[in-house]
Amino acid sequence: CSLSIKGHLGRTTILIIYETLGYFLVGSNNAETKYRVLKIDRTEPKDLVIIDDRHVYTQQEVRELLGRLDLGNRTKMGQKGSSGLFRAVSAFGVVGFVRFLEGYYIVLITKRRKMADIGGHAIYKVEDTNMIYIPNDSVRVTHPDEARYLRIFQNVDLSSNFYFSYSYDLSHSLQYNLTVLRMPLEMLKSETTQNRQESFDIFEDEGLITQGGSGVFGICSEPYMKYVWNGELLDIIKNTVHRDWLLYIIHGFCGQSKLLIYGRPVYVTLIARRSSKFAGTRFLKRGANCEGDVANEVETEQILCDASVMSFTAGSYSSYVQVRGSVPLYWSQDISTMMPKPPITLDQADPFAHVAALHFDQMFQRFGSPIIILNLVKEREKRKHERILSEELVAAVTYLNQFLPPEHTIVYIPWDMAKYTKSKLCNVLDRLNVIAESVVKKTGFFVNRPDSYCSILRPDEKWNELGGCVIPTGRLQTGILRTNCVDCLDRTNTAQFMVGKCALAYQLYSLGLIDKPNLQFDTDAVRLFEELYEDHGDTLSLQYGGSQLVHRVKTYRKIAPWTQHSKDIMQTLSRYYSNAFSDADRQDSINLFLGVFHPTEGKPHLWELPTDFYLHHKNTMRLLPTRRSYTYWWTPEVIKHLPLPYDEVICAVNLKKLIVKKFHKYEEEIDIHNEFFRPYELSSFDDTFCLAMTSSARDFMPKTVGTDPSPFTVRKPDETGKSVLGNKSNREEAVLQRKTAASAPPPPSEEAVSSSSEDDSGTDREEEGSVSQRSTPVKMTDAGDSAKVTENVVQPMKELYGINLSDGLSEEDFSIYSRFVQLGQSQHKQDKNSQQPCSRCSDGVIKLTPISAFSQDNIYEVQPPRVDRKSTEIFQAHIQASQGIMQPLGKEDSAMYREYIRNRYL
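Because the structure is a prediction, the values reported are computed rather than measured.

Enquirer: Just checking my understanding: could you explain the overall build of the protein for this structure?
Expert: Counting secondary structure elements, the protein contains 26 helices and 27 strands. Per-residue burial over the protein gives 49% buried out of 906 residues. Considering only intrachain contacts with a sequence separation of at least 6, the fraction spanning at least 24 residues in the protein is 73%. In the structure as shown, the protein presents an accessible area of about 44800 Å², 55% of it carried by carbon and sulfur atoms.

In structure tokens, the structure reads:
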């Protein structure tokens, strides 16, 4: 048996709700070859009754089922005019089920947009949703406050930065997802047997017995619920329905850009996962709760992959993870004073750093050691403000470190970034670069392939000092950088960018794309990465602070234009207004959406609570279990496996989190080629995602690059490929229109899923649209400007390659091209006997006979040439003879030997 990885197995990607006396939810895969059906009872006013037969239907079977339902629910038998089955809505996934004071609602994803692609697995952004009330009007029990709760729930805009994937686990890092590939096969077999015995799905392994040894194991793990935002909405059906119906979504940011290195595509992906624990807005959620969850906790992962090979097993992938989060103490700021910077107060004394211990224990379990804290708050102030947090954090880390083993102590790096920014003698980014180098050397990064031979042939001093864990299949990141300031927005984003830039250089070096692990500013690669991080920072800042970033990387480089100062003032005012007037309503919506508050008849309503402190701090409502030891504050199993993260260690606890299913090797659930290319759909190059995404060659490379198109060449600060937008005024307007995904309207080419299709069994497709994957609306030009833009794009092509595409080919060039085409045709013919003689072949064309063939869409894997049986036996006998193992002589060999002796000696 072989092994394949799928983040989730057999996920239903297209859903249709049919309405009768009950709701019938029909889900299918992309190819519409497998279907599942859910029945939702509408006669219960307050309970949710869902029936899942767990049977996999074919298209013909589901057509017959819907036909019988239609016939059986008509008002009169034999009446043809009225239908007993109505198509209510089409969707792309179920967000979950929610109930306030009346009956249940179902929340559906009705519009999606592709944002990134990792190893052939698509990542989508939720563009639109639909809430449907389940009970019939005849049994509905109305409540006067139901509409208000519904309005509060819908204040959480699901079309703003919520992401999902059918086949890739977004709640885990790439390193975790690929760790299961290294699991021994014997464990998988035993787990599969156990799952079959405990499963109630009698159709689960249907047809696998006759497939012999052609099985493939598919694996998925339980999601990391800390970063799942619809876990509470799916909790009521998690144990009732098949796992194919469960679609987990994350909140944060996702962006992907293409770095072209002399035509070789490399995808740079940035994924941010916002924690759903202790979540909220800026001044209303500070510090940590009693369980060690901190406010504004976001895990940021940058993934680098060679896009020429998309398979996880054969491709080259690298990732680096870092975290931001509020200072893990009991502290808050009172916004009732209406001050821009309310005073910081410590709410509870914590001399034994109990809450910090819980927080760092979680980090040890997920990331391993070392944990490095980069504290950017102010150290010197005229009036003690931010320094309160620094002093308490130093005391907490010092206390916790005295009990840890010396090799796993928490590393604390204080650095007053604001002080260095005001100084004219110090360069902020140079100092940050030194810190970044030391951090990346300690933690290392993840790469799924061994070190290249070029790194052994031309060793680099920095590479040899790199930390992490080296394994036969590559490298693992052990440990994490945790960055914080007061808000964890502006200063934190710049510091994370510098660390990410340093890690990006090591990632490119590990994949053999650059000769030294160094990247300079003002190169196309760093400009592309900087724009990704600015969009990342703007999006996270809007979610937590209510405005975009105030200080950007250019601000700290001191090259920002003078107009940036007025924009910073406007962002500051926007942030202040949002914090003062709208954050309270947003906090109520988040509490209701995440299930922190459950509406109950006879108890105070959400808007009547004076504070939500008791909702997030569970120790105020009930007695918690016995406190942990003040000295042995960590989990014993976690500390044993350091520096490796306990979540990635192969042990009995982690094996229980895996779901293993056996497939036939030709099943489409594990066929990445069909999943990515979708040969059953009509597609065009204009709508292809990989061509529409941001590209370093198109968007960042200057128009006149001469003979140096490398993305690692330092350009002049004013040189950029975006000058094709026109003159200076047009560029400024385009910059002003650049918004993050949180506030951007959907692109005009996207269409919502239609619910009025004529074919009941067919499904609607979303239009991917030729737009960038990042929600960055581009300024539309009129017809007069479009010709200029086209001319500007084509002109560099002639300067760079010395040819204009509109010119015709010469006879000599056409002859060379014809010979090239015929060589290619001859090379790809697999059956020599089937080749028909070509009467129009040009003279001098070489006839090639293929001796090997590519086994799959992979430039690194080939099949050996076929050898007949006799040749194989001769070769094996030759090898054995060299080892002293002689084969017995046959009759012909004996006769030949006698003839030789007789002629030689007799």
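The structure having been displayed, the exposition proceeds.
Enquirer: Got a minute to help me understand the pattern of salt bridges in this structure?
Expert: Pairing between side chains becomes possible if they bear opposite charge and their charged atoms approach one another. The final tally for this structure, using the stated rule, is 26 salt bridges. Between K226 and E297 there is a salt bridge whose closest N-O contact spans 3.1 Å. Note that K226 is positioned in the loop between strand 11 (215-221) and helix 5 (231-234) and E297 in the loop between strand 13 (264-274) and strand 14 (298-306), a separation of 71 residues in sequence. Looking at K226, the relative accessible area reads 9%, which means it is buried. K384 is paired through a salt bridge with E391; the nearest N and O atoms lie 2.9 Å apart. By relative accessible area, K384 is classed as partly exposed at 42%. Through salt bridges with shared partners, a single network forms among R273, E299, E301 and R366.

Enquirer: Looking at this model, I keep getting lost on the nonpolar core. Mind explaining?
Expert: Within soluble globular proteins, side chains that are nonpolar tend to cluster in buried spots. Y320, L432, V440, F497 and L508 are the most contacted members of the largest nonpolar core, which has 55 residues in total. Only strand 12 (250-261), strand 13, strand 14, strand 18 (371-375), helix 9 (428-443), helix 12 (490-510), helix 13 (524-545) and helix 14 (553-557) provide two or more residues apiece to this core. Counting residues per element, this core draws most heavily on helix 12, which supplies eleven residues. In this structure, L508 is in contact with L259, L304, L513, I514, L519 and F712, ignoring residues within four places of it in sequence. One finds A356, I373, L393 and V397 within the second-largest nonpolar core, a separate group that totals 33 residues.

Enquirer: Just checking my understanding: could you explain the packing of helix 9 against helix 12 for this structure?
Expert: The angle between the axes and the distance between the axes are what describe a pair of packed helices. Here helix 9 crosses helix 12 at 55°, and the two axes come no closer than 9 Å. In terms of orientation, helix 9 lies oblique with respect to helix 12. Along this stretch, helix 9 crosses helix 12, giving a crossing that reads as right-handed. In contact with L429, L432, N433, A436, E437, V440 and K441 of helix 9, helix 12 contributes T494, A495, M498, V499, K501, C502, A503 and Y506. In the contact of helix 9 with helix 12, the residues fall into ten nonpolar, two polar and three charged.

Enquirer: Can you walk me through the sheet that holds strand 4 (residues 35-40) in this structure?
Expert: Consider a sheet: its strands pair through backbone hydrogen bonds, and that pairing is either parallel or antiparallel. Strand order across the open sheet formed by five strands is 5-4-3-2-6, with antiparallel pairing between neighbours. Looking at the sheet topology across the chains shown, the edges are occupied by strand 5 (50-52) and strand 6 (86-91). Pairwise comparison of adjacent strand axes, ignoring direction, gives a mean angle of 20° for this sheet. As paired elements, strand 4 and strand 5 share three bridges and run antiparallel to each other. Each residue of the ladder has a partner; that of I40, found in strand 5, is I50. Along the sheet face, helix 1 (residues 59-72) touches strand 2 (14-19), strand 3 (23-28) and strand 4 and points at about 25° away from the line of strand 4.

Enquirer: Can you walk me through the packing of aromatic side chains in this structure?
Expert: Inspection of the entire model under this criterion finds 29 aromatic pairs. Summarising the aromatic geometry, the rings of F100 and Y105 are spaced 5.7 Å apart at their centres and angled 45° between planes, so their arrangement reads as tilted. The exposure class of F100 is buried, given its relative accessible area of 1%. Of the aromatic side chains, those joined through ring pairs into one cluster are F100, Y105, Y133, Y149, F153, F162, W229, F593 and W607. A cation over a ring is seen here: R42 above Y23, with NZ or CZ 4.3 Å from the ring centre. A cation over a ring is seen here: R366 above Y224, with NZ or CZ 4.1 Å from the ring centre.

Enquirer: How should empty space enclosed by the protein be read in this particular structure?
Expert: Picture a little ball the size of a water molecule; that probe, rolled over the atoms, points out where space is still empty. Using the criterion set out here, one finds twelve cavities of 30 Å³ or more in the structure. The computed volume of the largest cavity comes to approximately 140 Å³. Of all the secondary-structure elements, those providing two or more residues to the lining of the largest cavity are helix 3 (174-179), strand 15 (317-324) and helix 6 (354-367). Built from parts of two domains, the lining of the largest cavity gets at least three residues from each of domain 1 (1-74 + 84-188 + 214-248) and domain 2 (251-564).

What counts as what
Residues numbered from 1 in each chain as written. Predicted model: local features only at pLDDT ≥ 70, side-chain atom pairs only at ≥ 80, totals over all residues. Heavy atoms only, no water. Helix = DSSP H or I, 4+ residues; strand = E, 2+ residues; numbered from the N terminus. Buried < 20%, exposed > 50% of the residue type's maximum accessible area, 1.4 Å probe, protein only. Contact = heavy atoms within 4.5 Å. Areas by Shrake-Rupley, 256 points an atom, 1.4 Å probe, with all protein chains shown as cover. Salt bridge = Lys/Arg side-chain N within 4 Å of Asp/Glu carboxyl O. Core = buried A, V, L, I, M, F, W, Y, C linked by side-chain atoms within 4.5 Å. Axes fitted to C-alpha atoms, helices over the stretch in contact; angles between N-to-C directions. Parallel < 35°, antiparallel > 145°, perpendicular 65-115°, else oblique. Left-handed = near helix turned anticlockwise from the far one by under 90°. Nonpolar A, V, L, I, M, F, W, Y, C, P; charged D, E, K, R; others polar. Pairing = 2+ DSSP bridges. Phe/Tyr/Trp six-rings, centres within 6.5 Å; stacked < 30°, edge-to-face > 60°. Lys NZ or Arg CZ within 6 Å of the ring centre and 35° of its normal. 1 Å grid on protein atoms, 1.4 Å probe; cavity = no way out; pocket = protein on both sides within 12 Å on 5 of 7 lines; lining within 4 Å. Points joined across faces, edges and corners; volume = space filled by probe spheres on them. Domains from an automatic or database assignment.

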